[in-house]
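Spelled out, the chains give:
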Amino acid sequence: MLITHDTECALSILVELLNTAPEACGAEQLPDVAALSAFVVGQEISEIDSLTPADLAAVQALRGELRAVFSAETTDHAAELVNALVAAAGTTPRLTNHDHHGWHIHYFAPHAAIGDHLAAELGMALAFIVMAGERERLRRCEAPDCARVFVDLSRNRSRRYCDSRTCGNRLHVAAYRARQRSAEAVTAG
């Protein structure tokens, strides 16, 4: 599957945004406008003007709409959700070449509200995934105590955890220890 640099960046922002929700990490990671501003700066989201409490509310609501695409039962339903997101954002595709990134497409109007900006950009990234028949790459971490999401961009679609160093390693260590206890019980018994 060919994923352009822009789409990969948008998918990264998507995952980071979804994983700021309380259901993903136990506490709201975007509790105020300052946190949203830090998110925008950290993710290098361009063409954003000053942020307001209304922007924060819009982004928090958008997370639920985006997460629904990950859990859609069918591709048809995922496509409906993506279409609704992009249509509501009032996309305005245009070519741009800012910040040494070369020519690429922005799907949002210049200086659009952050909610519309993200709905358009992230919605289009999801549209490309759905269109390519790669919806199975939109995943939830398989660790039983984790609700984080990720986009599996591995060649063989084999990624299982949001982070192999945390969730993956924790489960592998737990399985190893369980095998060790089982082996000790057999030799002691």
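Please read these numbers as outputs of a predicted model, since none were measured by experiment.

Cut-offs and rules
- Residues numbered from 1 in each chain as written.
- Predicted model: local features only at pLDDT ≥ 70, side-chain atom pairs only at ≥ 80, totals over all residues.
- Heavy atoms only, no water.
- Patch = residues over 30% accessible without salt bridge, like charges linked within 9 Å, V, L, I, M, F, W, Y side chains within 5 Å.
- Areas by Shrake-Rupley, 256 points an atom, 1.4 Å probe, with all protein chains shown as cover.
- Salt bridge = Lys/Arg side-chain N within 4 Å of Asp/Glu carboxyl O.
- Helix = DSSP H or I, 4+ residues; strand = E, 2+ residues; numbered from the N terminus.
- Buried < 20%, exposed > 50% of the residue type's maximum accessible area, 1.4 Å probe, protein only.
- Core = buried A, V, L, I, M, F, W, Y, C linked by side-chain atoms within 4.5 Å.
- Contact = heavy atoms within 4.5 Å.
- Polar contact = N/O pair within 3.5 Å; in protein donor to acceptor, adjacent residues only side chain to side chain.
- Expected span 1.5 Å × (residues − 1).
- Axes fitted to C-alpha atoms, helices over the stretch in contact; angles between N-to-C directions.
- Parallel < 35°, antiparallel > 145°, perpendicular 65-115°, else oblique.
- Left-handed = near helix turned anticlockwise from the far one by under 90°.

Novice: Just to check I follow, could you spell out a nonpolar patch on the surface for this structure?
Specialist: Taken together, the side chains of Leu-95, Trp-103 and Ile-105 make up a nonpolar region of the molecular surface, amounting to roughly 360 Å² of accessible area. With respect to the helices and strands, the residue Ile-105 is situated in strand S2 (residues 104–106). Residue Ile-105 is classed as partly exposed on the basis of its relative accessible area, which comes to 36%.

Novice: Which parts of the structure should I look at to understand the nonpolar core?
Specialist: Side chains of a nonpolar character, in soluble globular proteins, are inclined to be buried together. Leu-66 and Leu-118 are the most contacted members of the largest nonpolar core, which totals 43 residues. Examining the composition of this core, we find that 10 residues originate from one element, helix H6 (residues 114–131), more than from any other. Apart from residues no more than four positions distant in its own chain, Leu-66 is found in contact with Leu-14, Leu-17, Leu-18, Leu-85, Leu-122 and Leu-126. Counting 7 residues, the second largest nonpolar core, distinct from the first, contains Cys-141, Ala-143, Cys-162 and Cys-167.

Novice: How should I be thinking about the environment of Arg-94 in this particular structure?
Specialist: Within the secondary structure, Arg-94 sits in strand S1 (residues 94–96). Arg-94 sits 15 residues away from Ala-109 along the chain, and the two C-alpha atoms are 8.3 Å apart. The contacts of Arg-94, once residues within four sequence positions are left out, are Glu-47, His-104, Ile-105, His-106, Phe-108, Ala-109 and Pro-110. Among the polar contacts made by the side chain of Arg-94, one reaches the side chain of Glu-47 at a distance of 2.6 Å.

Novice: Just checking my understanding: could you explain H6 for this structure?
Specialist: Helical geometry: 3.6 residues make up each α-helical turn, so side chains three or four residues apart lie on a common side. An ideal rise of 1.5 Å per residue puts 26 Å on 18 residues; H6 measures up with 25 Å between its terminal C-alpha atoms. Among the 18 residues of H6, 14 are classified as buried, and the element is accordingly described as predominantly covered. Trailing H6 by a residue or two, Gly-133 shows a phi angle of about 70 degrees, which is positive.

Novice: Any chance you could explain the pattern of salt bridges here in plain terms?
Specialist: A side chain of one charge can pair with a side chain of the opposite charge when the charged atoms of the two come close. On inspection of all chains with the given rule, the structure shows 8 salt bridges. The salt bridge partner of Glu-136 is Arg-157, with a shortest N-O separation of 2.9 Å. Placement of the pair is Glu-136 in the loop between H6 and strand S3 (138–140) and Arg-157 in the loop between strand S4 (149–151) and helix H7 (164–188), with a sequence separation of 21 residues. Residue Glu-136 is classed as partly exposed on the basis of its relative accessible area, which comes to 39%. One salt bridge in this structure joins Arg-160 and Glu-142, with 3.0 Å as the shortest N-O distance. Separated by 18 residues along the polypeptide, Arg-160 in the loop between S4 and H7 and Glu-142 in the loop between S3 and S4 bring together distant segments of the chain. Using a relative accessible area of 41% as the deciding quantity, one classes Arg-160 as partly exposed. If you follow the salt bridges from partner to partner, you end up with Glu-134, Glu-136, Arg-137 and Arg-157 in one network.

Novice: Would you explain the packing of helix H1 (residues 5–18) against helix H4 (residues 53–70) in this entry?
Specialist: For any two helices packed against each other, the geometry comes down to the angle between their axes and how far apart the axes lie. Interaxial distance between H1 and H4 falls to 9 Å at its minimum, and their mutual angle equals 110 degrees. As judged from the angle between their axes, H1 and H4 are roughly perpendicular. For H1 against H4, the interelement crossing comes out left-handed. Counted together, Leu-14, Leu-17 and Leu-18 of H1 and Val-59, Arg-63, Leu-66, Arg-67 and Phe-70 of H4 form the full contact between these two elements.

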